[in-house]
Amino acid sequence: GRFRLAARPADAPITSTETLVLLGCGIVAAVGVLLLEFKLKLPGHAILRAVPPMALGLSLVPRRGSGTVMGLGALATAGVVLGAGWGETGYGSLVSLALIGPVLDLAMRSSAGGRRIYLSFLTAGILANGAALATQAGLKYFGGGGGGKPLALWLPQALVTYTAFGAAAGLLSAAICFRWNDRQLEPDTA
């Protein structure tokens, strides 16, 4: 990653300091999803607020399970914020917020570095937003409060926008937080 707290192996245990950093990134992701609004009026855009803090967390603490720790922090924060009546969001947004961390953990298992990380983030963004799409579609189909347009009008647009926003969130976040090439930077000689 571009940013790193310490050079330790990916399978090293997560330290207490690293846990706090990861929980902080999860909190930022939840606050972004629940309290910030982009007013895009397009289905599936909430993931744009969730993935960048999670990517930063993985860049700072590239360990197995880091995404899950951030996801737990995000869910706990969402519970507190929504329970206090401060935030507002749809079920799809909560699903993508809850899943992006663990999905990133799974996607990054075989990504040692470089370009594979970009593919992992792309895949994770699409999968997490795909689950959000399925949630919203199910709510609309079964009349559980999917809100907005009826399913038949909403679904054709949502299939495109959920996929596009998931892919964009993954790729942009990876581009900001991780290097493209597989070469290691030269150590400082000064």
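Data block above holds the structure.
Since the model is a prediction, treat every value here as computed from it, not as a measurement.

(A) Expanded view of unusual backbone geometry. In this model, lysine 39 sits at a positive phi of 60°, which is unusual for a non-glycine residue. Relative to the helices and strands, lysine 39 is located in the loop between helix H1 (16-35) and helix H2 (47-60). Its identity is not glycine, yet lysine 41 carries a phi of approximately 60°, on the positive side. Along the polypeptide, lysine 41 turns up in the loop between H1 and H2.

(B) Summary view of H2. Spanning 14 residues, H2 covers 20 Å between terminal C-alpha atoms, matching the ideal 20 Å at 1.5 Å per step. H2 sits mainly inside the fold: eleven of its 14 residues count as buried. All buried positions along H2 are accounted for by Ile47, Arg49, Ala50, Val51, Pro53, Met54, Ala55, Gly57, Leu58, Ser59 and Leu60. Looking at the buried positions of H2, the neighbouring elements they touch are H1, helix H3 (66-83), helix H4 (91-107), helix H5 (115-142) and helix H6 (151-177).

(C) Up close: the nonpolar core. Ranked by size, the top nonpolar core spans 35 residues in total, and within it Ile47, Met54, Leu97, Ile100, Leu104 and Phe121 carry the most contacts. When residues of this core are traced back to their parent elements, those giving at least two are H1, H2, H3, H4, H5 and H6. A per-element tally of this core places H2 first, with seven residues. In this structure phenylalanine 121 touches Val51, Ala55, Leu58, Leu104, Met108, Gly170, Ser173, Ala174 and Phe178, once residues within four positions along its chain are discounted. Membership of the second largest hydrophobic core comes to six residues, among which are Leu133, Ala137, Trp154 and Tyr162.

(D) Region of interest: the state of the cysteines. By the definition in use, this model includes zero disulfides. Free of any disulfide, cysteine 25 has its nearest cysteine sulfur in cysteine 177, 8.8 Å distant. Relative accessible area serves as the criterion here: at 4%, cysteine 177 is assigned to the buried category.

(E) Structural detail: H4. Between the first and last C-alpha of H4 there are 23 Å, a value that for 17 residues agrees with the 24 Å anticipated at 1.5 Å per step. A bend of about 40° at isoleucine 100 is the largest found in H4, and the proline proline 102 appears one to four places after it. Of the residues making up H4, those classed as buried are Gly92, Ser93, Ser96, Leu97, Ile100, Gly101, Val103, Leu104, Asp105 and Ala107. Structurally, H4 contributes buried residues whose contacts are with H1, H2, H3 and H5.

(F) Examining the packing of aromatic side chains more closely. For the coordinates displayed, the defined rule picks out three aromatic pairs. Note on tyrosine 141 and phenylalanine 142: the rings are 4.8 Å apart at their centroids and 90° apart in plane angle, and the pair reads as edge-to-face. Of the two residues examined, tyrosine 141 and phenylalanine 142, each falls in the exposed class. Consider the rings of tryptophan 154 and tyrosine 162, whose centres lie 5.9 Å apart with planes at 75°: the pair is edge-to-face.

(G) The packing of H5 against H6, seen in detail. In the contact formed by H5 and H6, the axes pass within 7 Å of each other and the chain directions differ by 155°. By the angle class used here, H5 and H6 are roughly antiparallel. Crossing of H5 against H6: the hand is right-handed. A breakdown of the residues in the contact of H5 with H6 according to their chemical character gives 19 nonpolar, seven polar and one charged.

Calculation notes
- Residues numbered from 1 in each chain as written.
- Predicted model: local features only at pLDDT ≥ 70, side-chain atom pairs only at ≥ 80, totals over all residues.
- Heavy atoms only, no water.
- Helix = DSSP H or I, 4+ residues; strand = E, 2+ residues; numbered from the N terminus.
- Expected span 1.5 Å × (residues − 1).
- Buried < 20%, exposed > 50% of the residue type's maximum accessible area, 1.4 Å probe, protein only.
- Contact = heavy atoms within 4.5 Å.
- Core = buried A, V, L, I, M, F, W, Y, C linked by side-chain atoms within 4.5 Å.
- Disulfide = S-S within 2.5 Å.
- Bend = angle between axes of the 7 residues up to and from the residue.
- Phe/Tyr/Trp six-rings, centres within 6.5 Å; stacked < 30°, edge-to-face > 60°.
- Axes fitted to C-alpha atoms, helices over the stretch in contact; angles between N-to-C directions.
- Parallel < 35°, antiparallel > 145°, perpendicular 65-115°, else oblique.
- Left-handed = near helix turned anticlockwise from the far one by under 90°.
- Nonpolar A, V, L, I, M, F, W, Y, C, P; charged D, E, K, R; others polar.

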